[in-house]
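Chain and residue survey
Read off the chains here:
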Amino acid sequence: MPKTALPSILKQFNRPYEVDEETADFLFAMYLLLRKAPKSMSNHAKKRTFENAADSAHAWRVVCISEKALKHIAENKSAAGLRRAHAMPREERFQQIFGEDAREWGRGELLSFFFEHDTCALVTGKENNQHTTEQWSKLYPVEEGILCKGSFAVYARKTIDVPWAEKLWEKVQSKSP
């Protein structure tokens with residue numbers, strides 16, 4: 001199966017994570033093992049196993065925020081109810097890597113592809129989970145160190161992220177007709 005190009009909606013914001021050599025070796029070995037997994041191991045288990053092995057402080061990095069999510073943080077002083085969303089659905093990424101027709105990847109290209117498609121936009125719940133990005137409102141870049149993630153959710157720190165969102169929201173509103 002040919003490698004899919006990075007979905008253009010995140011390309012201008014993307015900051016893929018690059019793992020150290022020891023982690024790269026481990027993840028590639030895990031990938032090779034999962035390719036040879038017995039048929040009794042479901043695709044879901046393979047996907048979760050590889051994603052869990054690759055999880056780190058850099059997993060699901062927020063590289064941009066939708067206008068609706070930005071407004072939410074600025075007005076509510078919280079990221080509660082917002083979601084990290086991948087431009088390429090995780091299932092599609094899995095199929096590219098482990099699917100029935102997937103080719104065997106080299107170590108560098110596998111890790112580059114995986115982490116390139118592991119970055120996210122922070123969007124509202126309504127904008128998320130529609131297997132497309134067409135419903136996302138306009139996106140704005142999120143600099144490194146803003147909107148860090150907890151184990152499963154993104155949080156907005158009152159002294160760093162909320163003031164950042166308020167300032168950007170003010171700027172966005174001043175440019176609106």
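Rules used in this analysis
- Residues numbered from 1 in each chain as written.
- Predicted model: local features only at pLDDT ≥ 70, side-chain atom pairs only at ≥ 80, totals over all residues.
- Heavy atoms only, no water.
- Pairing = 2+ DSSP bridges.
- Helix = DSSP H or I, 4+ residues; strand = E, 2+ residues; numbered from the N terminus.
- Axes fitted to C-alpha atoms, helices over the stretch in contact; angles between N-to-C directions.
- Parallel < 35°, antiparallel > 145°, perpendicular 65-115°, else oblique.
- Left-handed = near helix turned anticlockwise from the far one by under 90°.
- Contact = heavy atoms within 4.5 Å.
- Nonpolar A, V, L, I, M, F, W, Y, C, P; charged D, E, K, R; others polar.
- Core = buried A, V, L, I, M, F, W, Y, C linked by side-chain atoms within 4.5 Å.
- Buried < 20%, exposed > 50% of the residue type's maximum accessible area, 1.4 Å probe, protein only.
- Disulfide = S-S within 2.5 Å.

**Some points on the sheet that holds strand E2 (residues 82–85)**
Pairing within the open sheet is mixed, and its 4 strands lie in the order E2-E3-E1-E4. Of all the strands in the sheet, the pair left with one neighbour each is E2 and strand E4 (139–141). Direction aside, neighbouring strands of the sheet carry axes that sit 35° apart on average. Two strands pair when backbone bridges link them, and strand E1 (residues 62–66) and strand E3 (residues 120–124) are joined in this way by 3 bridges, in the parallel orientation. Within E3, the position partnered with isoleucine 65 by the bridge is leucine 122.

**Comments concerning the packing of helix H4 (residues 67–76) against helix H7 (residues 161–175)**
Closest axis-to-axis distance for the H4/H7 pair is 8 Å, and the angle between their directions is 120°. Relative to H7, the element H4 lies oblique. In this structure, H4 crosses over H7, and the sense of that crossing is left-handed. Mapping the contact onto sequence places Glu67, Leu70, Lys71, Ile73, Ala74 and Glu75 in H4 and Val162, Trp164, Ala165, Glu166, Leu168, Trp169 and Val172 in H7. Residue composition of the contact of H4 with H7, by class: 9 nonpolar, no polar and 4 charged.

**Observations concerning the nonpolar core**
Ile65, Leu70, Ile73, Leu122, Val142, Leu147 and Trp164 are the most contacted members of the largest nonpolar core, which totals 21 residues. Secondary-structure elements contributing two or more residues to this core are E1, H4 and H7. Top contributing element to this core by residue count: H7, with 6 residues. If we ignore the near neighbours within four places in the chain, the residues touching isoleucine 73 are Ile65, Ser78, Ala79, Leu82, Leu122, Leu147, Ala156, Val162 and Ala165. Ranked by size, the runner-up nonpolar core spans 20 residues in total, among them Leu27, Ile97, Trp105 and Leu110.

**Side note on the state of the cysteines**
A complete count under the given rule lists 0 disulfides for this structure. Residue cysteine 64 stays outside any disulfide, its sulfur separated by 8.9 Å from that of cysteine 120, the closest cysteine. Residue cysteine 64 is classed as buried on the basis of its relative accessible area, which comes to 0%.

**What to know about the side chain of asparagine 128**
For asparagine 128, the location among the structural elements is in the loop between E3 and E4. Judged by its relative accessible area of 13%, asparagine 128 is buried. For asparagine 128, the contacting residues outside a window of four places in its chain are Arg83, Arg84, Ala85 and Val123.

Shape is all these values report; function is a separate question.
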